[in-house]
Amino acid sequence: MYLNNVISSVLLLIATSFSITSCAEIPEQFLKSNHSNNWAVLVDTSRFWFNYRHVANVLSIYRSVKRLGIPDSQIILMISDDMACNPRNPRPATIFNNAHEQINVYGDDVEVDYRGYEVSVENFVRLLTGRVPPDTPRSKRLLTDEGSNILIYLTGHGGDGFLKFQDSEEITSQELADALEQMWQKRRYNEIFFIIDTCQASSMYEKFYSPNILATASSLVGEDSLSHHVDSAIGVYIIDRYTYYVLEFLENVHPNSKRSMSEFLAVCPKSACLSTVGVRRDLFKRNPDKVPITDFFGSVRPVIITTDPINILDAPKRKKKPENKTKVPEKREYLPQFPMHLVQNTRTG
Amino acid sequence: MAKQERKGETEESNRMWASASFVGVLIIIGLPLWWKTTEVYRVSLPFDKISSFDTLPHAITTELSVLANDDATATEIIGLIEHAFKDSDVIKLKISKSIISKQLQSTLEFVADEAEAVEEVGVTFDLTQHNSFYVVQRKPLFQDTWLAGDRVLFFRDAKAATTVVETLKRVVYQTAVLEGAKSETADVARQTRFPPGAGYHIVLSVVHPNPEALDVELDAGEAVEDYIGSFVDELSVLHNFTLKSQWLHLLDFDFQAKEVKDTSEWGRHFSVRTERLHLLLTRLEERAATHVSELPTLNLALYAVRCQAAPLIIYDLNDKKVSSPVQAFMSPKWGGVVLGSPSAGDCRHERAIWRPNVRLIMGTFISQLRKLLGITDAEHITGAHLEPLRSVTPRQWEIDNLLRIRTLEQLTSAERTLQSLAQLLGEISNIVINDDVGASINSAVDSIQRASELMQKGDLVEAYKMSQSAFLAAETAFMEPSLLALLYFPDDQKYAIYIPLFLPIMFPVVLSLKNLLLWFRGKPIHKEKTD
Amino acid sequence: MESIRKLIYYSILITIFQYVYCDDFKEEIFLKPLPPTHLYGYFQFVTLVDSETSSFHSHLAPRSLTEVISRFQVEELHLTLTEGQWRHHQWGYPVLDAAPGAELYAWFSPDVADVDTQWKKLTSTLSGLFCASLNFIDNFNTVTPQMALWPMGAVKSGQNVTSQLRYASLPREIVCTENLTPWKKLLPCESSRGFSSLLNSRMIHNTNYHSIGVHVRKICKSNDCSETQLEIKQTVALVYDYDIINSNDWSFRKLFGQGLPGACPLSSESKIYIDITSNDTHAYTLTPPPDNIIVSQRGGSDTRLAVYNIKADGQMINIGAKHNSKPDLPVSIPPPLHFNRYILGYGKEFGGIVTELTNNCWTSINVVVLENAPWWLPLQLSSLRVNGQAESSLVLSQYYSPGRSRQKPYHLELLIKLPPRSTTTVTIDFEFVFLKWQEYPPDANHGFYVGSALISANLPTARNYTSLPIAGTTFDSVVNASKQWYPIVFRTNGAMVSLPTPDFSMPYNVICLACTVVALAFGPLHNICTKELVLKPLGTPVSLTQKLFNLFKKKRD
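Residues numbered from 1 in each chain as written. Chains lettered and ligands numbered in written order. Predicted model: local features only at pLDDT ≥ 70, side-chain atom pairs only at ≥ 80, totals over all residues. Heavy atoms only, no water.

An unreviewed UniProt entry annotates chain B as GPI transamidase component PIG-S isoform X1 of Trichoplusia ni. UniProt, in the comment section headed Pathway (unreviewed entry), describes chain B in these words: "Glycolipid biosynthesis; glycosylphosphatidylinositol-anchor biosynthesis." Recorded under Subcellular location (unreviewed entry), the UniProt text for chain B is reproduced unchanged: "Endoplasmic reticulum membrane". (UniProt positions renumbered as here; feature names shortened; annotations may be inferred.)

Chain A is annotated in an unreviewed UniProt entry as GPI-anchor transamidase from Trichoplusia ni. Entered under Pathway (unreviewed entry) in the UniProt record, the comment concerning chain A runs "Glycolipid biosynthesis; glycosylphosphatidylinositol-anchor biosynthesis."

Take a look at the structure:
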């Protein structure tokens, strides 16, 4: 009996050690959540100077996401109009989140992928589904795969079931839901966290039907999302309430933070936002209490330490492709910068 | 009175014929015409073939020759191998048995080492053919089995049978990784290697944070061309590679390294925690400018640590020093980084010069590249001897394995893409399916079927090429820019636009149908409306 | 002693670099006070790459740019992103002129058969590289200048360059930090060291005129030009107003927000040139004093340049000018050639573009004027008038390519001989075209931009001329660089027109209106055809519904 116990415990020990050594390759992050990279799609859909606050909204999220580690190559930033270098901006190349000029959310290191007239419903849906025109550069494509967690943030003017793009067209909630379903079909995401800060925002996520999406909106159907305050030097509302409090929350998050998503979902109570924040969690498998905020806002890059370099004995030499040795040195010259030959022709002719 | 009646009758018949003609034009001609003109051009797709992909066999047939000194050994070994592989649905072994000729037997026993034995085997049998493998018996072996870079596995005798089977299963054919290539969720190997494709770019970035205090003497272009070029030339049957190199100066990264005293030539070393390393990748990506390339890029970076922070040692998650000749790490689907520290002697001069050990650094990069491209290193099996790699060339059976993995992966990916595309096109009925998409889909379906046949036959290289064309055709079809539902008139709006036009017209026409029917049957009509 | 040793080491380093790697990087700043109260700052970062080395392996040159150049087989590339308008009549001539908005032109290699496809791919890739909407450049806004633009690089003898040239400009493009960020990443020292650390986006976008540019060309390595080098030049041009920095005494700290923290360690030469010709009339002192002063005689005009050689040793330098006394505003002397361009007309049917060229020289100047009108602004060649005359003797050569709706723009080039001391007016009429509903931008009532015209001139004098000679790469090549002619390409100001815009809420109104009209028209028609009016005698029994109707009718009466 005692021998049996000893044998079984020894066997158990061998088995666990075997499993540990065979699992030595897998970093810890893989076990907790099965995403291997992070992307962010941040869209501001409003044009004109009085919609300054929407650009400030999207740049606040951009700034936080960059600070927490997502590289520019994995952020798609779409801004419909230029506020920073707008002639009406008394402080050029800056966009502040606060009338006291606390944080310049535009910063010195910003890369906008889609700007101006390029931000349209068609380009947005093409970006999500991957059906971009063939010449599109890689920095303007959403190159996600089955292990990508995507943060999607939309801001602008919206209504019940639609979001207005550039004051001339709309995207409906059904179109958005269909686009996300096509992403799921092609296995282009692992999990999506969808934030929308517009009026009647929760109508945009009502129609979602693809799995693994956690969605939150700044207001429910029938409510308006309100702006925070006016900057009298600029003369427009400078940021929206929901994003103002989100930025405040994210400024206190650092890359190794242990905060959970449920804290993020409760960031703006009704007393602060004056509109009720809506959340949709039925499509999301995990419990937001147990999901760290860095799963969507930070960037996971699993790192595997290499311990087995190859011991090369002889230095190899690649066979060069045979070039034609007979390269005639071609004569080049500088051309005259003005067509004087035409002047002379007409003079003689 | 009769004339008035007849006049009334002719007038009535005129009216009825007019009403009938309205009905005729609108309902009989107009409705079908409207339906036809708002029809969407859709090329017919082979939906039945697409839904039958699940029944296609996905097993790759591969040849295995067992050569033993006597019949009994051979039969025993073949029996064990067949038993081990009979359940596998990804690989089918075509085992052939033969007895080694007396002459070859004696040669194998008397040659000095295994490398010469391989040469001797190579004289008689063709070891360069893809998708073949030889299990040969050779008495004077120290271990049960011996395996090197060629397609030959030596075993000692029948008692080594189980080791032979284990080696074949986990090292040579790596059935677990093959299963993973087909599965729904990605296994570790699939999470590490780059997704399948026709070509890749490899960029070596030499990061030099301190050019005014340290000189790095390295010809990056030549090193990349020679070492990595020779490596990728061996894989030219799979993908085509473009090699590039660049220098990133003044890219300083704060490792937050702590100084630790030790007994090395420096008297100290700096420890950097593993959690900090992934932030270096972000900084590298900012300047490596890999988004200009059209194909996926494997990043290799050599970080030249400055003298004040040298030597840099990585401490793993358990806070233990990583003891390895080179401090390096890699990130799945991204690339690898080597942290190169100059020696104390280099830094002693007024102007420090570091000549990196190119062979060691390139060896590290090659080992990282192998994993990123899909060559998984097998674990050690007791009793089996695997010759360590001494050159950049990968082992022949590793290339075969990679061909199998990629073929399966591309085939299953193409099938899944086509299945989801078929479902999508079936659901959204107003997307135009033009000829290009139809052609891509048809060609993808044909390629999948051809590839499956070739896999069954065992023609591995052709099967790989066919599966790659299937994969690319399926991707092209799915990512076709014209398949955007947004561009086309949605069904429900078809009604919303036409109903306001048609309803006011149809209303009186349909109502007059009743009168028309009555009149045709001959009954008198007296419908009055007073005003 | 210490500094001499450092100097020796740096020179050894430079020679090692040049020997081993053959890439050369130089950075320069040129400052010039402009009348009345402006300051011109021109930054130039030049990388010279040996053409023999493969484009895949780079050392100092930005690999992304060399890869784009080699992938699309581009011989020469010029890209500028500009905000503001250069006032030629007040400020003289810049080193490199640029059109407001985005301007891109490139010459492709003679091996390229389908230049238009390569052009489209090049613009798409550059739009991703520089975060600008260059992907809007397509065939309908690209022209091939025949006489106005010529390659500044060395080309193979006897080659037809004009067919491989494409030029496009997007006047609506804005320039902001998002364009500066990727531009800075192309520099070997990025923005941490060297002159590029002065380019703080908050300060340089607070200017009257700012322009960033990338110019790539092949230059001759030796005099016989048997070998070529690739020259990658990145430029920044700024014009400050003394009102912005709130004083007439400028300094680096006031202009850029910080002093200069030393030169880039990878550059072989880092120099600052300050034009102190105006010091004779409006005296100021430079602090710290310049390393040397060069007097340059070029084409009859004298220029004095103060030169600073900056080392990479990390010492902060703050160069500034202090006026000795309260300065008077300098009078601006108009340059030899200046111009003006404006739109004529009222209403939404016709209009005209007028380009006025003023020649202040005593000799005649030959210019090529290139008018590039979009396809929705058809130019009418029959209405072309030079100084009021349809067939003018001033026009030596003319090229006109009519546009096609949605496919090609209107392209007019004139080679004009401007008589001395005169103003020549070139007028051409256009008409407005209705666009399709989908083609209007979201802010259609803002107006539509017409790009600037190109004026290519061959100047006989170098007064106000600051451009580099064609064979020179660094700024010191302007010293005593007298030539017979001084060619330069100017860009005029752009213009804005207001196209007839519809009311965009109309489609829904139209649907409702159309349905109502159809219903109202069809109903009575059907009734007339299929029903008969019958008189009904009074006193017949009336149904219930009729009684209700009669009730309402009575109320109406």
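Still more to cover.
Secondary structure assignment for chain A yields nine helices and 14 strands. Within the span of chain A, comprising 349 residues, buried residues form 59% of the whole. For chain A, the computed accessible surface area is about 15100 Å², with 55% contributed by carbon and sulfur atoms. (Helix = DSSP H or I, 4+ residues; strand = E, 2+ residues; numbered from the N terminus. Buried < 20%, exposed > 50% of the residue type's maximum accessible area, 1.4 Å probe, protein only. Areas by Shrake-Rupley, 256 points an atom, 1.4 Å probe, with all protein chains shown as cover.)

Residue-level contacts link 66 residues of chain B with 44 residues of chain A. Taken over both partners, the interface formed by chain B and chain A buries close to 5100 Å², and the fraction arising from carbon and sulfur atoms is 58%. Viewed at the interface, chain A and chain B are joined by eight salt bridges. For the pair chain B and chain A, the interface holds 17 residue pairs in polar contact (both at pLDDT 80 or more). Taken together, the elements giving at least two residues each to the side of chain B that touches chain A come down to helix 8 (188-192), helix 9 (220-234), helix 10 (274-288), strand 13 (327-331), helix 12 (358-373), helix 13 (396-427) and helix 15 (460-478) of chain B. Where strand 13 (residues 304-306) of chain A lies against strand 13 of chain B, three bridges are found, and the strand directions are antiparallel. For Ile304(A), the partnering residue across the bridge sits in strand 13 of chain B and is Met330(B). (Contact = heavy atoms within 4.5 Å. Buried area = accessible area lost by both parts, 1.4 Å probe. Salt bridge = Lys/Arg side-chain N within 4 Å of Asp/Glu carboxyl O. Polar contact = N/O pair within 3.5 Å; in protein donor to acceptor, adjacent residues only side chain to side chain. Pairing = 2+ DSSP bridges.)

What follows is about the nonpolar core. Soluble globular proteins tend to bury their nonpolar side chains together. Core analysis: the biggest nonpolar cluster contains 114 residues, and Phe133(B), Leu168(B), Ile228(B) and Ile441(B) have the highest contact counts within it. A per-element tally of this core places helix 13 of chain B first, with 13 residues. Per-domain counts for this core show at least three residues from each of domain 2 (60-180 + 379-394) and domain 3 (194-373) of chain B. Within the second largest apolar cluster, 74 residues are counted, among which are Val292(B), Phe256(C), Ile274(C) and Ile319(C). (Core = buried A, V, L, I, M, F, W, Y, C linked by side-chain atoms within 4.5 Å. Domains from an automatic or database assignment.)

We now examine the confidence of the model for chain B. Averaged over every residue, the pLDDT of chain B is 86; residues scoring 70 or more account for 96%. Prediction confidence for the complex, expressed as pTM and ipTM, is 0.89 and 0.87 respectively. (pLDDT = per-residue confidence, 0-100.)

Residue and element names in this part refer to chain B. With respect to burial, strand 13 is a largely interior element, five of its five residues being buried. Both faces of strand 13 are covered, namely the face carrying Gln-327, Phe-329 and Ser-331 and the face carrying Ala-328 and Met-330. Relative to strand 14 (residues 335-340), strand 13 is paired through five bridges, and the arrangement is antiparallel. Looking across to strand 14, one finds that Gln-327 is bridged to Leu-339.

Right, let's get into the sheet that holds strand 14 of chain B. As summarised here, the arrangement of the six strands in space is 13(A)-13(B)-14(B)-11(B)-6(B)-8(B), forming an open sheet in which the pairing is mixed. Two strands close off the open sheet at either side, each with one partner strand: strand 13 of chain A together with strand 8 (240-249) of chain B. Here the average twist between neighbouring strands, direction ignored, is 20°. Inspection of the sheet shows strand 6 (residues 199-208) of chain B paired to strand 11 (residues 297-304) of chain B by seven bridges, in the parallel sense. The partner of Val206(B) across the bridge, within strand 11 of chain B, is Leu302(B). Across the face of the sheet, helix 9 of chain B comes into contact with strand 6, strand 8 and strand 11 of chain B while running at roughly 150° to strand 8 of chain B. Against the sheet, helix 12 of chain B contacts strand 13 of chain A together with strand 6, strand 8, strand 11, strand 13 and strand 14 of chain B, and its axis sits at roughly 155° relative to strand 11 of chain B. (Axes fitted to C-alpha atoms, helices over the stretch in contact; angles between N-to-C directions.)

Two side chains carrying opposite charge are able to pair once their charged atoms lie near each other. Counted under the stated rule, the structure contains 67 salt bridges over all chains. Glu75(C) serves as the salt-bridge partner of Arg332(A), at 3.5 Å between the closest nitrogen and oxygen. Here Arg332(A), found in strand 14 (residues 332-334), pairs with Glu75(C), found in strand 3 (residues 74-83), and the two come from separate chains. Across the pair, exposure class does not vary: Arg332(A) and Glu75(C) are buried alike. Here the salt bridges share partners, and the residues they tie into one network are Asp308(A), Arg370(B), Lys371(B), Asp377(B), Arg395(B) and Glu398(B).

Below, the discussion takes up the domain arrangement of chain B. Once the domains are mapped, chain B shows domain 1 (13-39 + 488-520), domain 2 (60-180 + 379-394) and domain 3 (194-373). Relative to domain 3 of chain B, the C-alpha centre of domain 1 of chain B lies at a distance of 75 Å.

On to a negative patch on the surface, then. On the surface, Asp113(B), Glu116(B), Glu119(B) and Asp150(B) cluster together into a negatively charged patch. Here Asp113(B) lies in the loop between helix 4 (102-110) and helix 5 (114-124). (Patch = residues over 30% accessible without salt bridge, like charges linked within 9 Å, V, L, I, M, F, W, Y side chains within 5 Å. Lys, Arg positive; Asp, Glu negative; His and termini not counted. Charge placed at Lys NZ, Arg CZ, Asp CG, Glu CD.)

Residues and elements named next belong to chain B. If you check helix 9, its first and last C-alpha atoms are 21 Å apart, about what 15 residues at 1.5 Å a residue would give, namely 21 Å. Helix geometry: helix 9 is bent most strongly at Ile-228, by close to 35°. In terms of burial, helix 9 is a largely internal element, eleven of the 15 residues being buried. Burial in helix 9 covers these residues: Ala-220, Gly-221, Ala-223, Val-224, Asp-226, Tyr-227, Ile-228, Gly-229, Ser-230, Phe-231 and Val-232. (Expected span 1.5 Å × (residues − 1). Bend = angle between axes of the 7 residues up to and from the residue.)

This part takes up the environment of Gly101(C). Residue and element names in this part refer to chain C. Note that Gly-101 resides in strand 4 (residues 101-108). Taking the C-alpha atoms as reference, Gly-101 lies 4.6 Å from Glu-173; in sequence the two are 72 residues apart. Sequence-distant contacts of Gly-101, that is, excluding residues within four places in its chain, are made with Thr-80, Leu-81, Thr-82, Leu-170, Pro-171 and Glu-173.

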